[in-house]
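Commentary on secondary and tertiary structure
Next come the chains, spelled out residue by residue.
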Amino acid sequence: MRVDGVRRSLVLLGLVLTLTGCTTAGSGEHDGPEPERLRVQVLEERPHDPGAFTQGLELVDGVLYEGTGLLGQSSIRAVDPVTGQVRHRVELPASLFGEGITVVGDRIWQLTWQQGVALERDRNTLAELRRVPYEGEGWGLCYDGPPNAPNGSGQLVMSDGSATLTLRDPVTFQPTGRVVVRRAGEEVERLNELECTGGTVWANVWQTDEIVRIDLATGHVTAVVDASGLLGWRDRIAADVLNGIAAVPGTDEFLVTGKNWPRLFRVRFTPEE
């Protein structure tokens, strides 16, 4: 067969494969399974400061640590997770827009949005200890490591508004790797507040009512949570977007809230019926 005949046959074969939904070897290397669909089962409603522009949320040793944003209004807080009372609060300098937070041993890391610095804090006093520069924007942050482990074990996972999660050293804050998040083969952008639970990352998707569950090893979205309808229409008038998810240690429960939400919800994620 002449070369042009071979080419013609290959083109026709490709057309047949396309029409029948088949793909050539290797074309689906980034495809993942269709994610499980989950819904929110509300177990309890709790008070939340409606003045808190929530950017990061994490529950450790009975203390709810919360980072808030906006220039001139950003803070880091230690909050009673049941009553919503702020036990301790430290303001950020007016020039910094606070973003995601996470606890690593006796330290807390706090991101800034476009200022390119991460703040390392003393967990007990919330006092700033040092600043570490990074490139790009800071959105969400979580710690994938053993609870209360000595500083240096595990890894940090950071979002920047794209579909890429950056892995970082928990002591130096230097990047150690990257993971691209895909949902059935399509990249998922606007990943925002993060929560790490043993190799799994839960992420708010900004400007949506969805929370996605991510396999950190592959980047595949393994579940999508429909978190719509948590707030009634009256509460939504003054509230901003869903943002804030904290695992309740030792359970399958989570605390979720949003920016300027008057309520925090203790929930469980269950399969849709």
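Now for a description of the structure that goes with this document. (Residues numbered from 1 in each chain as written. Predicted model: local features only at pLDDT ≥ 70, side-chain atom pairs only at ≥ 80, totals over all residues. Heavy atoms only, no water.)

1. Comments concerning the pattern of salt bridges
If you walk through the whole model with that rule in mind, you get 19 salt bridges. A salt bridge links arginine 131 to glutamate 128; its shortest N-O distance comes to 2.6 Å. The closest approach of N and O atoms between arginine 183 and glutamate 210, which form a salt bridge, is 3.3 Å. A residue pair is termed long-range when its members are at least 10 positions apart, and arginine 183 in strand S14 (residues 182-183) and glutamate 210 in strand S18 (residues 210-215) qualify at 27 residues. (Salt bridge = Lys/Arg side-chain N within 4 Å of Asp/Glu carboxyl O. Helix = DSSP H or I, 4+ residues; strand = E, 2+ residues; numbered from the N terminus.)

2. Things to note about the sheet that holds strand S8 (residues 117-122)
The four strands lie next to each other as S6-S7-S8-S9, forming an open sheet whose pairing is antiparallel. Of all the strands in the sheet, the pair left with one neighbour each is strand S6 (98-104) and strand S9 (128-133). Taking each pair of neighbouring strands and ignoring which way they run, the sheet shows an average axis angle of 20°. Bridging between S8 and S9 involves five bridges; their strand directions are antiparallel. Looking across to S9, one finds that arginine 121 is bridged to glutamate 128. (Pairing = 2+ DSSP bridges. Axes fitted to C-alpha atoms, helices over the stretch in contact; angles between N-to-C directions.)

3. Looking at the pairing of S18
With five bridges connecting them, strand S17 (residues 200-205) and S18 associate as antiparallel partners. Across the sheet, the residue bridging to asparagine 204 is isoleucine 211, located in S18. Counting the residues in the hairpin turn of S17 and S18 gives four residues, including glutamine 207, whose phi is positive at 65°. Bridge count for S18 against strand S19 (residues 221-226) is five bridges, and the pairing is antiparallel. Across the sheet, valine 212 pairs through a bridge with valine 224, a residue of S19.

4. Things to note about the pairing of strand S3 (residues 63-68)
Counted residue by residue, S3 has six buried out of six residues, so it is predominantly covered. Of the two faces of S3, the one holding Val63, Tyr65 and Gly67 and the one holding Leu64, Glu66 and Thr68 are both buried throughout. Where strand S2 (residues 54-60) meets S3, six bridges bridge the pair, whose relative direction is antiparallel. By the bridge assignment, leucine 59 is partnered in S3 with leucine 64. With antiparallel pairing between neighbouring strands as the criterion, S2 and S3 make up a hairpin whose turn holds two residues, including aspartate 61 at a positive phi of roughly 50°. In this sheet, strand S4 (residues 75-79) lies alongside S3 in antiparallel orientation, the contact comprising five bridges. Paired with leucine 64 across the bridge in S4 is valine 79. (Buried < 20%, exposed > 50% of the residue type's maximum accessible area, 1.4 Å probe, protein only.)

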